[in-house]
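# Inside the fold
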Amino acid sequence: MTFTLPKRTRILWQIRILIAFAALGAAVAFFARYANWLLFLAAIIVIFGLVFVITYVPFFFKSYKIMIDKSSICITKGILIKTTNIMPFPRLVFAQSFTTPLSSILKLKCVMLKAARGWILIPELKSTDVDYLLENLMVKRND
Amino acid sequence: MTNKVYKAHPIMLFRIIKPFLFVLFIPLIRAIIQYITKGEINGLLALEILCVVFISTITVLRWRSISLNVEQEKITIKKGFLIKSCAVIEFSRISSVIVQQNIVDYVFGSVECSINTEAGMPKKSDFCFKLRKNDAKQFYEQIYGEENRETIKFSPFQIAILAATTSSAFTGMIVGVPILNQASDLLGVAISEMLLNEINHVSSKFNNIFPPIVNTVTLILLIAYFFAFMISFVKNINFKLESGKETAEVQSGFITRKRILFKKSKINNICFEQTPLMRVVKKYSMIASVGGYGNARGEKAVVVPIASHDELEKHFKRHFKHFKPHGKPIKPKKSLFNLNRFLFLPAITALFIIGVSASIVIIFPYFDKLTLFLTVIALALDGYYASVCFNNYKNGQLCLSDSVLISGSAGFNVRKLYCDKSNIGVIKISQTLPDRRFKTCKVKITVRSESADSARVKNLDLNTVLQIIKKQFNIEYDV
């Protein structure tokens, strides 16, 4: 079974990254009273953030593939550097879900799969999918 | 099994608020007292009150959000107010549950309950909460069930021997020096300087061939050792082992009482360990390595603190017999030549020490007494190492079956390690030039666990070792 991340996850991360860049730009602009060129730097930071959010982020989240078979879960991601994480089910110790105020508005949850001294993070999925995944991972592990 | 939901004890509020106690709350209390007594208002009082109200609100919301839901064969742990987390853990994946109660917990009827799995960070519990005492009892009974357990108690004398043989001056200094410094700061008295002066005064009264600095250092080490001994003794007094068919519980502690519960199936390996000081009194301790043990050092549960080897074997056969291997053990050949091989390295080391000491005395005659002192220490250590090598010759063995036994040493400790074959991480077979000549080898087995316990045996017949490994692990290629 293969599935990709929902569109809402991309929107969520775009909002988060934009807020982060805006906050950084605002912090730099605050100190512009001491040096005028800092205002220019703040503008560059915000523009860079916008470009990053519009160009790189959609492709990055589109590259995510989550494959679940009988014996393991496999997550592939990345544009420039492709990474594949494989976790065999017998090595799974427990699963933990996280939700923030913003992600709960969009009805999304992220999942962390924990193995001995290692973990895999699955970015935000639909809450119903996460609950289904948590239940079925335990069943698959026992199988 | 009925579902049950456990909520955190109100004392958890203080635990959550602890980082802000000295930064916000105590300055605010001081400001309020100042206002009441002197009528003076601090310029930042309004801001402090606002911060305290904000932090307190977040703290209460965080406390309220903590819940443990025990269902059929799994627990669901929910916590968090802004960032909510929900962890689902099966009973079979829980390594151990630690329940601790200090004086404050005792007054408020709470306990600190830590849940550990193999996925946690080293030396840190996965989940740690304050629960009501009765809730914690029900909680671990739901996970581990209720079974009849045999209680094994140990006398204060045995605990004292354990404390004496496992304490070190280094540990005493690591723990004692910060306490001394903090006490000095609190009292405004230079306790460290006073203590050092007193030590110098006492050590100067000893007239011997060694220089005065040696007496001072020896006294400091003895005091640090005594301090470590007292800590270990108080920590382990009331030590009790409760062993059932499937579960084990270790209780210890006097001021802070601690209970550690784990399933016997979660034990990675059992070690009979003998430290240098234990070797003097011919005692051993039995230690179980439990997966994801939590915040204890090196995830080891002391199961039998101190006993003779025979008593330990009795306990082992009674409570952990599933670790006992079957089959014929491989032992080093008993001959004078082989004994000489075992004692070769200590002998060479002794000659080297004497040679270096003689050279130093000749080159730096002013330091002759200090050199003599250090030479005595080095030769004593070498003598101990020779006794460990002799023990390896006499008692060394390797037994590979569904369970594994390797009896040898690990550093300066004599160790006998039992584990399940499936828990073996690495088997290392190495040969020095003499080993290649005499077709022998050194075998080191490391257990797959956080503490990575290992033991090694020297001078075993190579062909026999390879045959047994190939048979046990179904290796088809030639090694």
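Residues numbered from 1 in each chain as written. Chains lettered and ligands numbered in written order. Predicted model: local features only at pLDDT ≥ 70, side-chain atom pairs only at ≥ 80, totals over all residues. Heavy atoms only, no water.

## Notes on the sheet that holds strand β3 (residues 74-79) of chain B
Strand order in the open sheet formed by 7 strands is β7(A)-β6(A)-β5(A)-β4(B)-β3(B)-β2(B)-β1(B), with antiparallel pairing between adjacent strands. Here the strands that pair on one side only, and so sit at the sheet edges, are β7 (118-126) of chain A together with β1 (4-7) of chain B. If you compare each strand with its neighbour and ignore which way they point, the axes differ by 20° on average. Summarising the sheet, β1 of chain B and strand β2 (residues 67-71) of chain B pair through 4 bridges and their orientation is antiparallel. Along β2 of chain B, the bridge assignment pairs V5 of chain B with N69 of chain B. Contacts from helix α1 (residues 7-30) of chain A reach β6 (108-115) and β7 of chain A, with the element oriented near 105° to β7 of chain A. Lying over the sheet, helix α4 (residues 133-144) of chain B contacts β1, β2 and β3 of chain B, oriented at roughly 140° with respect to β1 of chain B. (Pairing = 2+ DSSP bridges. Helix = DSSP H or I, 4+ residues; strand = E, 2+ residues; numbered from the N terminus. Axes fitted to C-alpha atoms, helices over the stretch in contact; angles between N-to-C directions. Contact = heavy atoms within 4.5 Å.)

## Things to note about a nonpolar patch on the surface
A grouping of F352, V356, I360, I362, I363, F364, Y366 and F367 of chain B is seen on the molecular surface, where their side chains present a nonpolar patch of about 920 Å² in accessible area. Mapped onto the secondary structure, F352 of chain B falls in helix α11 (residues 336-363). (Patch = residues over 30% accessible without salt bridge, like charges linked within 9 Å, V, L, I, M, F, W, Y side chains within 5 Å. Areas by Shrake-Rupley, 256 points an atom, 1.4 Å probe, with all protein chains shown as cover. Salt bridge = Lys/Arg side-chain N within 4 Å of Asp/Glu carboxyl O.)

## Describing helix α1 (residues 12-38) of chain B
Residue and element names in this part refer to chain B. The largest bend in α1 amounts to roughly 85° and is located at L21. Taken as a whole, α1 has its buried residues at M12, I16, I17, L24, F25, L28 and A31. Turning to α1, the residues buried within the fold contact α2 (45-65) and β7 (127-132). Phi turns positive, to about 75°, at G39, one or two residues after α1. (Bend = angle between axes of the 7 residues up to and from the residue. Buried < 20%, exposed > 50% of the residue type's maximum accessible area, 1.4 Å probe, protein only.)

## Some remarks on the confidence of the model for chain A
In this model, chain A carries a mean pLDDT of 88, and residues with pLDDT of at least 70 account for 96%. For chain A, per-element mean pLDDT is lowest for helix α4 (residues 127-142) of chain A, which scores 75, and highest for α1 of chain A, which scores 93. (pLDDT = per-residue confidence, 0-100.)

## Quick word on the pairing of strand β13 (residues 284-290) of chain B
All names here are of chain B. For β13, the tally of buried residues reaches 7 of 7 residues, placing the bulk of the element in the interior. The side-chain alternation of β13 yields two buried faces, one formed by Y284, M286, A288 and V290 and the other by S285, I287 and S289. With 6 bridges connecting them, strand β12 (residues 267-274) and β13 associate as antiparallel partners. Note on β13: the bridge partner recorded for N269 is S289.

## So, the sheet that holds strand β2 (residues 65-68) of chain A
All names here are of chain A. In space, the 4 strands of this open sheet follow the order β1-β2-β3-β4, with antiparallel pairing throughout. Only two strands of the sheet have a single partner each, and these edge strands are β1 (2-3) and β4 (83-88). With 4 bridges connecting them, β2 and strand β3 (residues 72-77) associate as antiparallel partners. Its bridge partner being in β3, K65 is matched across the sheet by T76.

## Concerning the interface of chain A and chain B
Between chain A and chain B, the contact holds 22 residues from the first and 22 residues from the second. Buried surface at the junction of chain A and chain B, both sides included, amounts to about 1800 Å², of which 49% is carbon and sulfur. Three residues stand out in chain A for area buried against chain B, namely V93, F94 and R117 of chain A, and they jointly supply 35% of the buried area on that side. Inspection of the chain A/chain B interface yields 0 salt bridges. Elements with a minimum of two residues in the side of chain A that touches chain B: β5 (92-99), β6 and α4 of chain A. (Buried area = accessible area lost by both parts, 1.4 Å probe.)

## Section: the nonpolar core
Among soluble globular proteins, nonpolar side chains are generally buried collectively. Residues and elements named next belong to chain A. Membership of the largest hydrophobic core comes to 33 residues, with the highest contact counts inside it found for I73, L113 and I122. Of all elements in the fold, only α1, α2 (37-62), β2, β3, β5, β6, β7 and α4 reach the threshold of two or more residues within this core. Element by element, the count of residues in this core is highest for α2, at 7 residues. (Core = buried A, V, L, I, M, F, W, Y, C linked by side-chain atoms within 4.5 Å.)

## Structural notes on the packing of aromatic side chains
When we look at a pair of aromatic rings, we describe it by the centre distance and by the angle of the planes. A complete count under the given rule lists 25 aromatic pairs over all chains for this structure. Summarising the aromatic geometry, the rings of F342 of chain B and Y393 of chain B are spaced 5.7 Å apart at their centres and angled 65° between planes, so their arrangement reads as edge-to-face. One end of the pair, F342 of chain B, is in helix α11; the other, Y393 of chain B, is in helix α12 (residues 368-395), with 51 residues separating them in the sequence. An aromatic cluster is defined as three or more aromatic residues linked by ring pairs; in this entry it consists of W13, F21, F48, F52, Y56, F60, F61 and Y64 of chain A. The positively charged end of R33 of chain A is found above the aromatic ring belonging to F30 of chain A, 4.5 Å away from the centroid. Lying over the aromatic face of F320 of chain B, K264 of chain B brings its terminal NZ or CZ to 5.2 Å of the ring centre. (Phe/Tyr/Trp six-rings, centres within 6.5 Å; stacked < 30°, edge-to-face > 60°. Lys NZ or Arg CZ within 6 Å of the ring centre and 35° of its normal.)

## Some details on the state of the cysteines
Under the defined criterion, the tally for this structure stands at 0 disulfides over all chains. In this structure C110 of chain A is a free cysteine whose sulfur lies 12 Å from that of C86 of chain B, the closest cysteine sulfur available. Using a relative accessible area of 17% as the deciding quantity, one classes C86 of chain B as buried. (Disulfide = S-S within 2.5 Å.)

## A look at the side chain of N413 of chain B
All names here are of chain B. Relative to the assigned elements, N413 resides in strand β17 (residues 413-420). You can call N413 buried: its relative accessible area is 18%. A distance of 3.3 Å separates a polar atom in the side chain of N413 from a polar atom in the side chain of E273. (Polar contact = N/O pair within 3.5 Å; in protein donor to acceptor, adjacent residues only side chain to side chain.)

## Focus on the packing of helix α7 (residues 191-203) of chain B against helix α8 (residues 212-236) of chain B
Residue and element names in this part refer to chain B. It is at 9 Å that the axes of α7 and α8 come closest, and there the two elements cross at 125°. As the angle between them shows, α7 and α8 are arranged oblique. When you trace α7 past α8, the crossing you get is right-handed. Along its contact with α7, which presents L196, I199, N200, V202 and S203, the element α8 presents N215, T216, L219, I220 and I223. Here the contact of α7 with α8 is built from residues that sort into 6 nonpolar, 4 polar and no charged. (Parallel < 35°, antiparallel > 145°, perpendicular 65-115°, else oblique. Left-handed = near helix turned anticlockwise from the far one by under 90°. Nonpolar A, V, L, I, M, F, W, Y, C, P; charged D, E, K, R; others polar.)

## Things to note about α11 of chain B
All names here are of chain B. With 28 residues, α11 ought to run about 40 Å at 1.5 Å a step, and its terminal C-alpha atoms sit 39 Å apart, in line with that. Residue L343 marks the point of greatest curvature in α11, where the axis turns by about 45°; the proline P346 follows within four residues. Along its buried surface, α11 packs onto α12, α13 (433-438), β19 (440-447) and β20 (454-461). (Expected span 1.5 Å × (residues − 1).)

## Overview of the pattern of salt bridges
Oppositely charged side chains can pair when the atoms bearing their charge come close. Residues and elements named next belong to chain B. If you walk through the whole model with that rule in mind, you get 13 salt bridges over all chains. Residue K130 is joined to D105 by a salt bridge in which the shortest nitrogen-to-oxygen separation is 3.1 Å. Placement of K130 in strand β7 and of D105 in helix α3 (residues 103-108) is noted, with a sequence separation of 25 residues between them. Note on K130: relative accessible area 9%, which makes it buried. Note that E273 is salt-bridged to R415, the shortest N-O span being 3.1 Å. Highlighted residues: E273 in strand β12 and R415 in strand β17, separated in sequence by 142 residues. Relative accessible area serves as the criterion here: at 9%, E273 is assigned to the buried category. Residue classification places R415 among the buried positions, given a relative accessible area of 9%.

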